[in-house]
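Observations on the model geometry
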Amino acid sequence: MNGVLIPRRELFINGTWVEPVKGGRMDVIDPATEEVIGSIPAGTAEDIDQAVHCATVAFKSGPWSNSTGAYRAKYLRAFSEKIKERKEYLAKLETSDCGKPIDEALWDMDDVAGCLTYYAGLAEKLDEQPFKEIDVGMEEFKVKVCRGPIGVVALITPWNYPLLMAVWKIAPALAAGCCCVLKPSELASVTSLELASLASEIGLPEGVLNVVTGTGTAAGAPLSGHPGVAKVAFTGSVATGRAVAIAAAANVRPCSLELGGKSAAIVFADADLDKAVEWIMFGCFWTSGQICSATSRLIVEKSVQEEFLRKLKQRAESIPVRDPLTPGGRLGPVVNRTQYEKVLSYIAAGVADGGVVVTGGSRPPALVLGGGIGGGSGDGAKGSDSGSEIPDRTARIRESGSGFFIAPTVIVVDGSTGACNGGAAVGSSSSPSSSSPSSSSPSS
């Protein structure tokens with residue numbers, strides 16, 4: 001596959017494309033080539049004000065919040081069908097924007113369509129029981145619960161699952177009758193803007209979905225603390241999540257947070273070690289390791305540690321590291337230079353503490369088509385696996401040494417084992433404790 005140029009979009013406010021008040025734009029950089037492939041608008045507090053105002057008008061006076069669930073379900077299903085129609089195009093945009101392997105991006109698009117369909121069904125169920133009676137134990141009192149939309153919701157999403165995370169928030173909000181202002185991560189906003197384009201195609205009422213791109217400081221902070229917002233939903237780092245929660249609390253607004261963390265995997269001596277390794281590889285290296293549920297801490301029973309380490313090393317070296325637009329790859333670049341340098345700094349810190357790099361530890365020696373970085377057979381991935389048709393783009397990456405690629409890495413420190421790539425880390429120890437390099441989580 002060749003690269004893709006990003007469509008030029010503006011902010012999507014009140015059903016139309018508008019330039020940012022201050023006119024700013026930000027470059028979109030392909031993490032595999034380090035080339036500028038387009039730009040996105042740089043929204044600010046003034047644009048957030050406009051988007052919240054339009055969403056509020058739509059909520060109070062428009063048909064959306066007062067409509068039936070069946071009415072809203074029609075639009076959600078129309079969204080889903082558009083995603084299916086544009087699946088390959090959207091996946092290619094996603095991969096070019098954030099570096100996710102193309103096979104994973106295609107699967108994400110399936111999940112996006114499925115999510116929209118799922119919430120369409122839940123929207124219809126709202127019509128079945130608009131009021132629910134509650135027995136409070138006294139005949140003198142009759143209590144009924146009425147479910148209704150909360151109002152305008154602020155949605156702030158990360159860069160590791162750009163469109164899927166956005167739809168995870170947008171779909172339930174729209175199903176409930178809320179109006180939305182979405183602020184995607186500035187590191188991966190392209191498909192969120194394309195979702196806005198699809199909203200226009202399906203005729204979504206004006207002001208129901210607004211998309212304002214920009215940095216967390218210039219756009220995300222004003223949105224999370226905006227007094228016109230009834231609820232805030234955020235996915236990203238713990239540090240940013242804390243700031244978002246404080247901003248929402250200042251307005252006494254509810255705030256839901258999904259934040260990064262370190263997920264432990266425990267391997268006992270009676271475990272199936274091959275299955276354990278496979279699931280840990282899946283947890284650690286999926287989305288180039290940039291996932292909040294990565295298996296970033298590993299505790300292994302001492303009696304099987306040596307055998308487990310051997311299998312772990314072998315499996316890590318079999319992961320196909322490729323140009324992410326090449327089908328069959330299982331590891332692409334991390335999202336940008338900041339993340340790239342952060343991950344390398346964690347590896348260096350492990351070595352400085354006495355660690356020995358068993359495999360990886362730096363940029364892969366070559367991007368291989370037809371196997372893992374060590375020349376292995378790969379992992380049976382979907383898609384073409386031909387090594388005889390190397391795209392010009394992949395050849396440029398290999399020749400120039402460009403891209404934010406880090407090989408799957410296994411480090412042994414004082415009898416403990418660590419594996420990392422793309423901001424995820426796994427630690428393994430010979431006793432019921434663990435040590436692991438720090439991990440970096442997506443932030444918005």
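Residues numbered from 1 in each chain as written. Predicted model: local features only at pLDDT ≥ 70, side-chain atom pairs only at ≥ 80, totals over all residues. Heavy atoms only, no water.

1. What to know about the packing of helix 3 (residues 87-98) against helix 6 (residues 190-201)
- Between helix 3 and helix 6, the least distance of the axes is 9 Å, while the angle of their chain directions is 150°. On the basis of the axis angle, helix 3 is roughly antiparallel to helix 6. Contact with helix 3, carried on its side by Tyr 89, Leu 90, Leu 93, Glu 94 and Asp 97, involves Val 190, Thr 191 and Glu 194 of helix 6 and no other residues of that element. (Axes fitted to C-alpha atoms, helices over the stretch in contact; angles between N-to-C directions. Helix = DSSP H or I, 4+ residues; strand = E, 2+ residues; numbered from the N terminus. Parallel < 35°, antiparallel > 145°, perpendicular 65-115°, else oblique. Contact = heavy atoms within 4.5 Å.)

2. Considering a nonpolar patch on the surface
- A cluster of nonpolar side chains, Ile 134, Val 136, Met 138, Phe 141, Val 143 and Val 145, forms an exposed patch at the surface whose accessible area comes to about 480 Å².
- Assignment of secondary structure puts Val 145 in strand 6 (residues 143-146). (Patch = residues over 30% accessible without salt bridge, like charges linked within 9 Å, V, L, I, M, F, W, Y side chains within 5 Å. Areas by Shrake-Rupley, 256 points an atom, 1.4 Å probe, with all protein chains shown as cover. Salt bridge = Lys/Arg side-chain N within 4 Å of Asp/Glu carboxyl O.)

3. Re the nonpolar core
- Of all hydrophobic cores here, the largest spans 81 residues; its most connected members are Phe 79, Ile 83 and Leu 204.
- The biggest single contributor to this core is helix 5 (residues 162-176), with ten residues.
- Setting aside chain neighbours within four positions, we find Ile 83 in contact with Leu 90, Met 109, Val 112, Ala 113, Leu 116, Leu 163, Leu 195 and Leu 198.
- Residues Leu 298, Leu 312, Ala 316 and Leu 331 belong to the second largest nonpolar core, which totals 22 residues. (Core = buried A, V, L, I, M, F, W, Y, C linked by side-chain atoms within 4.5 Å. Buried < 20%, exposed > 50% of the residue type's maximum accessible area, 1.4 Å probe, protein only.)

4. Considering the packing of helix 3 against helix 4 (residues 102-126)
- Where helix 3 meets helix 4, the closest approach of the two axes is 8 Å, and the angle between their N-to-C directions is 125°. By the criterion of interaxial angle, the relationship of helix 3 to helix 4 is oblique. Here the hand of the crossing between helix 3 and helix 4 comes out right-handed. Where helix 3 abuts helix 4, its residues Lys 87, Glu 88, Leu 90, Ala 91, Lys 92, Glu 94 and Thr 95 lie against Ile 102, Ala 105, Leu 106, Met 109 and Asp 110. (Left-handed = near helix turned anticlockwise from the far one by under 90°.)

5. Details of unusual backbone geometry
- With a phi close to 55°, Thr 287 is a non-glycine residue in the positive phi region.
- You can see Thr 287 is positioned in the loop between helix 9 (273-285) and strand 13 (297-300).
- In this structure, Ser 288 is a non-glycine residue whose phi angle is positive, near 55°.
- Take Ser 288: it is sitting in the loop between helix 9 and strand 13.

6. So, the layout of surface pockets
- Approximately 720 Å³ is the volume found for the largest pocket.
- Along the wall of the largest pocket there are 35 residues; nearest its centre are Leu 126, Arg 147, Gly 148, Ala 175 and Ala 176.
- When contributions to the lining of the largest pocket are tallied by element, the ones reaching two or more residues are helix 2 (69-85), helix 4, strand 5 (131-134), strand 6, strand 7 (152-157), helix 5 and strand 10 (231-236).
- Grouping the constituent residues of the lining of the largest pocket by class yields 20 nonpolar, eight polar and seven charged. (1 Å grid on protein atoms, 1.4 Å probe; cavity = no way out; pocket = protein on both sides within 12 Å on 5 of 7 lines; lining within 4 Å. Points joined across faces, edges and corners; volume = space filled by probe spheres on them. Nonpolar A, V, L, I, M, F, W, Y, C, P; charged D, E, K, R; others polar.)

7. A look at the packing of aromatic side chains
- In this structure the tally under the stated criterion is nine aromatic pairs.
- The interplanar angle of 75° and the centroid separation of 5.6 Å between the aromatic rings of Trp 279 and Phe 282 together place this pair among those described as edge-to-face. Here Trp 279 and its partner Phe 282 are both found in helix 9, three residues apart, which amounts to about one turn of the helix.
- Residue class for Trp 279 comes out exposed when judged on its relative accessible area of 59%.
- Ring-pair connections join several aromatic residues into one group, and the members of that group are Trp 107, Trp 279, Phe 282 and Trp 286. (Phe/Tyr/Trp six-rings, centres within 6.5 Å; stacked < 30°, edge-to-face > 60°.)

8. Quick word on helix 11 (residues 337-352)
- End to end, helix 11 covers 22 Å across 16 residues, agreeing with the expected 22 Å (1.5 Å per residue, within 8%).
- When we look at burial in helix 11, the residues that qualify are Gln 339, Tyr 340, Val 343, Ile 347 and Gly 350. Down the axis of helix 11, the buried side of the element spans an arc of 110°, and every buried residue falls inside it. Facing away from the buried side of helix 11 by over 90 degrees, the exposed positions are Thr 338 and Ala 352.
- Immediately downstream of helix 11, the backbone of Gly 354 shows phi near 100°, a positive value. (Expected span 1.5 Å × (residues − 1). Arc of directions from axis to C-beta.)

9. Here we look at the pattern of salt bridges
- Enumeration according to the criterion identifies 18 salt bridges in this entry.
- The residue Lys 82 makes a salt bridge to Glu 201 at a minimum N-O spacing of 3.2 Å. A residue pair is termed long-range when its members are at least 10 positions apart, and Lys 82 in helix 2 and Glu 201 in helix 6 qualify at 119 residues.
- The shortest N-O distance in the salt bridge between Asp 108 and Lys 100 comes to 3.1 Å.
- Note on Asp 108: relative accessible area 5%, which makes it buried.
- Using a relative accessible area of 2% as the deciding quantity, one classes Lys 100 as buried.
- Salt bridges linked by common partners bring Lys 82, Glu 85, Arg 86 and Glu 201 together as one network.

10. Overview of helix 5
- With 15 residues, helix 5 extends 22 Å between its outermost C-alpha atoms, agreeing within 8% with the 21 Å of an ideal straight helix rising 1.5 Å per residue.
- Counting buried positions over the 15 residues of helix 5 gives twelve, a clear majority of the element.
- When helix 5 is considered as a whole, its buried residues turn out to be Pro 162, Leu 163, Leu 164, Met 165, Ala 166, Val 167, Lys 169, Ile 170, Ala 171, Ala 173, Leu 174 and Ala 175.
- Phi for Gly 177, located one or two positions after helix 5, is positive at around 100°.

11. Focus on the environment of Ala 120
- Residue placement: Ala 120 occurs in helix 4.
- For Ala 120, a relative accessible area of 0% gives the class buried.
- Remark: the alpha-carbon pair of Ala 120 and Tyr 75, spanning 45 residues in sequence, is separated by 8.2 Å.
- Ignoring sequence-local partners within four residues, the contact set of Ala 120 consists of Ala 73, Leu 76 and Arg 77.

12. Here we look at the environment of His 226
- Take His 226: it is sitting in the loop between helix 7 (216-224) and strand 10.
- The class for His 226 is buried, based on a relative accessible area of 13%.
- Put simply, His 226 and Ala 154 are 72 residues apart on the chain and 8.8 Å apart in space, counted from C-alpha to C-alpha.
- Leave out the neighbours within four places in its chain, and His 226 touches Ile 48, Asp 49, Val 52 and Asn 251.

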